[in-house]
Amino acid sequence: MCSFSLIQPQTREISMLKDDGHEQVENVEPTFRRFRTMKLDGIAAFIAVVEAGSINEAARRLRLSKSAVSERLTELERALGANLIQRNSRQLALTEDGLAFLQRAKRIVAEADAAAAELAHRRGEIAGPLRISAPRGFGDTHLGPALYTFMERYPEVSVTADYDDRIGDAAGGYDAAIRIAQGEMPKLVTQTLTVSRRTLVASPTYLAHFGRPRTIEDLPQHRAIHYMERNPDDWSFKSGNDLLVARVVPRLRITSCLAMRDAAIAGLGIASLPTFHSHQAIRSGALEVIDIGADPDVTPITIAYQNDTRPSAKLTALIEHLKRAFGNPPYWDEDLPFER
C-alpha cells in the first residue's frame, strides 16, 4: 500500500547556559510536526467519490463496500486536517479545501500510476491492475473470452471489467472504456478495435406467418422487438447517402440485446441486432437476415482512454491483443449473408 507523509512544524527544545553556569532547557515555537500518513488509496477514494457524485456509486466502481470508501475518505481528511467533502442525506458537495485539493490529488494518483507503469516498462514487464468498462452484452459474449486469453498470456496483469450499458466513458477510475458508438469523446483518445454491423433478423416461423418485408415501407406492417436504450419507435437505415427512417410500433421493448435475440428466435417479431449477438443464430438457421435494400448499420467498436498521459505498457498490450482477437472484419461476421 502506497502512502505519503507530510511534515508539519514540531516543537523542539534548546539547551542554554545561564549566567550561574546551570543549563536551562526551553521550548521554542514549533518548526515542524508530522502529519498523519496520507494513503494513496484514500486519495483515489476521494477522486472516485467526486467523479461518481456519491459514495455508493464510488464504492460500486471501486468494488468496495460503502463503509470502506467512507472510512478511507475520513482517514484522508483526518490526515490533511481539512474537510474535503460536505456530506448530507441528499447530496455531496466539495468544500473550498476539497476543490483546492482535487487537481493535486488527480496529479498524485496519475504520477503514481505513471511511475509504476514506467518501472514496469523499464523492466520489460506487462503487469499490474487494469480497470475497464464495456457494454454488458458485448462483454458477456466477446470481450470476456478475449480478456481470458490476454490474462493467460500476461499472468502478472489483474483485470477489473465492469459490464454496464450505462457507462460511456473512461472517467471514474477506469483505465479505458470499450464503446460501440459513433463520434469521438472529448478529452479521450479513441482507437478502433473493429466494427459492429446491425441487421434486421426474424425467425423462419415469423416470416412464414407474417411474410417477409422487402422494402422499408413494408416494415410498419410488422411486429417489432426494440432495445429500450434507443428510440423505441423508429429504425433508421442508410441507402447510399440517404438516411431512411421506418416508424414501427414495437410489440416488445427490452433492455437486453441477448433477450431481443431470443425473442426473435421465438417468433415474436423482427429485431434490429448487431451481428456479434445474432451470428450464431443466423448460421444455424434460427434467424434469417432480412434484406430491405438498405446497407447494414456499421458502427465502430472502440477503446477510449485519457489523453493526458501516454497509455501504459499493459493497456497498449491489451489494445493490440483485442485487435488481433476480434479481427477486422470481425470473426463473428465470417460467412454471413451480406457484403462486407
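Just so it is clear, the model here is predicted, and its values are computed rather than measured.

**A look at the overall build of the chain**
Looking only at helices and strands, the chain has nine helices and 17 strands in total. The buried share of the chain, reckoned over its 340 residues, is 39%. Residue pairs at least 24 apart in sequence account for 70% of intrachain contacts in the chain once pairs closer than 6 positions are excluded. Entry remark: accessible area of the chain is about 19,200 Å², with carbon and sulfur atoms responsible for 48%.

**What to know about the side chain of Ser-196**
Assignment of secondary structure puts Ser-196 in strand S10 (residues 188-202). Residue class for Ser-196 comes out buried when judged on its relative accessible area of 5%. Once residues within four sequence positions are removed from consideration, Ser-196 is found in contact with Ile-180, Pro-274, Phe-276, Asp-297, Val-298, Thr-299 and Ile-301.

**Concerning helix H3 (residues 66-80)**
Compared with an ideal rise of 1.5 Å per residue, which puts 15 residues at 21 Å, H3 spans 21 Å between its outermost C-alpha atoms and is within 8% of the ideal. Buried residues of H3: Val-69, Leu-73, Leu-76, Glu-77, Ala-79 and Leu-80, and no others. On an axial view of H3, the arc spanned by its buried residues comes to 165°, and they lie on one face. Turned more than 90 degrees off the buried face of H3, the exposed positions are Ser-67 and Glu-71. Of the residues one or two after H3, Gly-81 is the one with positive phi, at around 70°.

**Some thoughts on the packing of helix H1 (residues 40-52) against H3**
Close contact between H1 and H3 brings their axes to 8 Å; oriented N to C, the two are set at 110°. Comparing their axes, H3 and H1 come out roughly perpendicular. Crossing hand, H1 versus H3: left-handed. Every residue of H3 that contacts H1 at Asp-41, Gly-42, Ile-43, Ala-45, Phe-46 and Val-49 is listed here: Val-69, Arg-72, Leu-73 and Leu-76. Residue composition of the contact of H1 with H3, grouped by class: seven nonpolar, one polar and two charged.

**Structural notes on the nonpolar core**
Ranked by size, the top nonpolar core spans 25 residues in total, and within it Phe-138, Leu-143, Ile-178, Leu-315, Leu-318, Leu-322 and Phe-326 carry the most contacts. Every element with two or more residues in this core is listed here: strand S7 (128-134), helix H5 (136-153), strand S8 (157-163), strand S9 (176-180), strand S17 (297-306) and helix H9 (313-326). Top contributing element to this core by residue count: H9, with six residues. Excluding residues within four positions of it along the chain, Leu-322 makes contact with Leu-143, Ala-146, Ile-178 and Leu-193. One finds Ile-55, Leu-73, Leu-76 and Leu-102 within the second-largest nonpolar core, a separate group that totals 22 residues.

**Brief notes about helix H8 (residues 275-284)**
Counting buried positions over the 10 residues of H8 gives seven, a clear majority of the element. Remark: Gly-285 follows H8 within two positions and exhibits a positive phi of approximately 90°.

**Re the packing of aromatic side chains**
The description of an aromatic ring pair uses the distance of the two centres, along with the angle that the planes make with each other. Taken as a whole, this structure holds nine aromatic pairs when the rule is applied. Centroid distance Phe-150 to Tyr-154: 5.1 Å. Interplanar angle 55°. Geometry classified as tilted. For Phe-150, a relative accessible area of 0% translates into the label buried. One aromatic cluster is present, built from ring pairs that chain together Phe-138, Phe-276, Phe-326, Tyr-331 and Trp-332.

**Some details on unusual backbone geometry**
In the segment running from Asn-328 into Pro-329, the intervening peptide bond is cis, with an omega of 10°. You can see Pro-329 is positioned in the segment after H9.

**Observations concerning the confidence of the model for the chain**
Of all residues in the chain, 81% have pLDDT values of 70 or greater, and the mean over the chain is 81. Mean pLDDT per element in the chain: strand S1 (residues 3-8) is the minimum at 38, and helix H6 (residues 204-210) is the maximum at 96. Contacts of residues 28-35 to residues separated by more than four positions or lying in other chains number 28 contacts, the stretch itself having pLDDT below 50.

**Observations regarding the environment of Val-289**
Here Val-289 shows up in strand S16 (residues 288-289). C-alpha separation for the pair Val-289 and Ala-202, spaced 87 residues apart in sequence, amounts to 7.0 Å. Every residue in contact with Val-289, bar those within four places of it in the chain, is listed here: Thr-199, Leu-200, Val-201, Arg-212, Ile-282 and Pro-337.

**A look at the environment of Trp-332**
Structurally, Trp-332 is set in the segment after H9. In sequence terms Trp-332 and Ser-278 are 54 residues apart; their C-alpha atoms lie 9.0 Å from each other.

**Details of the side chain of Asp-164**
Of note, Asp-164 is situated in the loop between S8 and S9. Not counting residues within four places of it along the chain, the set of residues in contact with Asp-164 comprises Arg-60, Ala-134, Pro-135 and Arg-136.

**Thoughts on the pattern of salt bridges**
Counting across every chain of the model gives 10 salt bridges. Between Asp-333 and Arg-197 there is a salt bridge whose closest N-O contact spans 3.0 Å. With a gap of 136 residues between them, Asp-333 in the segment after H9 and Arg-197 in strand S10 connect regions that are remote in the sequence. Neither residue differs from the other here; Asp-333 and Arg-197 are each classed as buried. Across the salt bridge formed by Arg-261 and Asp-262, the nearest N and O atoms sit 3.2 Å from each other. Overall, the relative accessible area of 40% leaves Asp-262 in the partly exposed class.

About the cut-offs
Residues numbered from 1 in each chain as written. Predicted model: local features only at pLDDT ≥ 70, side-chain atom pairs only at ≥ 80, totals over all residues. Heavy atoms only, no water. Helix = DSSP H or I, 4+ residues; strand = E, 2+ residues; numbered from the N terminus. Buried < 20%, exposed > 50% of the residue type's maximum accessible area, 1.4 Å probe, protein only. Contact = heavy atoms within 4.5 Å. Areas by Shrake-Rupley, 256 points an atom, 1.4 Å probe, with all protein chains shown as cover. Expected span 1.5 Å × (residues − 1). Arc of directions from axis to C-beta. Axes fitted to C-alpha atoms, helices over the stretch in contact; angles between N-to-C directions. Parallel < 35°, antiparallel > 145°, perpendicular 65-115°, else oblique. Left-handed = near helix turned anticlockwise from the far one by under 90°. Nonpolar A, V, L, I, M, F, W, Y, C, P; charged D, E, K, R; others polar. Core = buried A, V, L, I, M, F, W, Y, C linked by side-chain atoms within 4.5 Å. Phe/Tyr/Trp six-rings, centres within 6.5 Å; stacked < 30°, edge-to-face > 60°. pLDDT = per-residue confidence, 0-100. Salt bridge = Lys/Arg side-chain N within 4 Å of Asp/Glu carboxyl O.

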